[in-house]
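Chain residues, written in single-letter form:
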Amino acid sequence: AGFFVEDDGRVNPVDATAALARGARNGGATIVEGVSLTGVTATNGRVTGVRTDRGDVACEYVVNACGMWARQLAELSGVCVPNQAAEHYYLLTEPMAQVDPRWPVVEDPSSCTYIRPEGGGLMVGLFESDAAAWCVPRVPADFSFGEIEPDWGRIAPFLERAMARVPSSLEAGAKKLFCGPESFTPDLGPVVGEAPELRNYYVAAGMNSIGILTGGGVGRVLAHNIVHGHADVDMTAMLPARFQPHQATPAYRGARVVESLGKVYKCHYPHRPTATARRIRRSPLHAQLAARGAYFRDVSGWEGADWFAGAGRTPDLGELRWGRHPEWFGLWAAEHTACREGVALFDMSFMSKFHVQGRAAGPLLDWLATARVDGPAGAITYTQMLSPRGTLEADLTVTKLPPRPGAYGGGGGDGEGFLVVATDTAHRHVETLLRRGIEDHAAARGVAPAATVSDVTGGLAQINLQGPRSRELLAALTSADVSDAA
């Protein structure tokens, strides 16, 4: 089976770049080439300019679109952009009389290859399943337009299989085997939007080898974001805030990029597990869950129990496929039924948890949240944070903590404090909203900030008791009144 996209096409990257540059100049932009950027200046957490080998330039916004160098430039400003370079191969054949330059691009994921006309012959490109990281510690600053010495021993089996897809290519001479670096992100998604660490520092990197395809759209989205102060499309899956600092470490990047590139042409089954850079974070209940036969999956860097094979049994994911997996679907269904009809216990320690305290903590959270959360001590409020335009930014559960000495938020004139819980996938986004909210709330009132936020995710476990019989079970375990009246 195959798919033919009639309006698919090809573009010369050099010509496309020149056209974009011409359009920018026509719009009043100045393009300066041959300048080395050595850093970004900032004051009070906001971009003020850039440093170059020709002097400083004042500016209100910076866009880091430095490709595989984006991470290194971002690190200078404390910004996390965990893209990593890997070897990328393509072979150019000698001219082949039967090749028509109007042929479409052929992609064959089963052979890890894409094939298209090029220079009178064919280009046979690879996204091999057994990839190789390149220059994990640091990408050389002067490598632009360079090549990597090909690893023939590693790449030959993939190349032979790819060329067998077009047998005549095996008979044509090989004009060039090119190996150059391409950068990939841990989740194969682009890194686009404002960095959580620094206001007005934008990123447009991590295009995962499809920059020429997505560049126009990324540029338009970023331009709208900068000009209007918000995006006009859902950028949740692209924002830099989705990444954690540990994902920028050499050990993590070096391991994950091999898997990321290898997944480009693999079938994206919904239950395909992440294999590399695992076991980074474990909850205090990990051993108990493992003893019950838990199948763990990567949940924002945590080992999260997805389903249970049973005590003393080894969980078997089985062969990846679409639809139900007979190896474990029955177990999963039984767990769902238990929760819907009875009661179930969940380890959700991976959820994001923040301690907000200080004399302005209550007014701050009332200002940020849609509901009033600064109620009596012990009150738990489910609420949201919205943008100035009324769109949803975050989903929260806020608990006003009792003033117990030694507890989170306890004691002194700083008030009781609040525990803010958010989803794991919005960890740094929510943390940024809270930190910037402290600044903005104080500025709006013309006073100094009087609240702080601390990330306490790793210091607190979270156990959820859910289901229609959860109250019944809880009442049997505690002397506290858990009725509606209480």
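Provided above is the structure to which this section pertains.
Cut-offs and rules
Residues numbered from 1 in each chain as written. Predicted model: local features only at pLDDT ≥ 70, side-chain atom pairs only at ≥ 80, totals over all residues. Heavy atoms only, no water. Helix = DSSP H or I, 4+ residues; strand = E, 2+ residues; numbered from the N terminus. Buried < 20%, exposed > 50% of the residue type's maximum accessible area, 1.4 Å probe, protein only. Contact = heavy atoms within 4.5 Å. Pairing = 2+ DSSP bridges. Axes fitted to C-alpha atoms, helices over the stretch in contact; angles between N-to-C directions.

**A few points about the overall build of the protein**
So, step 1. In terms of regular secondary structure, the protein is built from 11 helices and 20 strands.
So, step 2. Seen along its three principal axes, the alpha-carbon backbone of the protein occupies a region of about 85 × 60 × 40 Å.
So, step 3. Sorting the 486 residues of the protein into buried and exposed places 41% on the buried side.
So, step 4. Restricting the contact set of the protein to residue pairs at least 6 apart, pairs at least 24 apart contribute 62%.

**Describing the pairing of strand 16 (residues 380-386)**
So, step 1. Inspection of the sheet shows strand 16 paired to strand 17 (residues 392-400) by seven bridges, in the antiparallel sense. The residue bridging L386 from the neighbouring strand is L392, located in strand 17.
So, step 2. Taken together, strand 16 and the strand that follows it, strand 17, pair antiparallel across an intervening segment of five residues, in which G390 is found at a positive phi of about 90 degrees.

**Details of the sheet that holds strand 5 (residues 84-93)**
So, step 1. Taken in spatial order, the five strands of this open sheet run 6-7-8-5-9, and their pairing is antiparallel. The open sheet has two edge strands with one neighbour each: strand 6 (106-108) and strand 9 (174-184). Taken over all neighbouring pairs, the strand axes of this sheet differ in orientation by 20 degrees on average, direction set aside.
So, step 2. On the sheet, helix 3 (residues 152-163) packs against strand 5, strand 7 (113-118), strand 8 (121-126) and strand 9 and is oriented at approximately 125 degrees with respect to strand 8.
So, step 3. Taken strand by strand, helix 6 (residues 250-263) contacts strand 5 and strand 9, and its axis lies near 35 degrees from that of strand 5.

Purely geometric stuff here, so don't read any function into it on its own.
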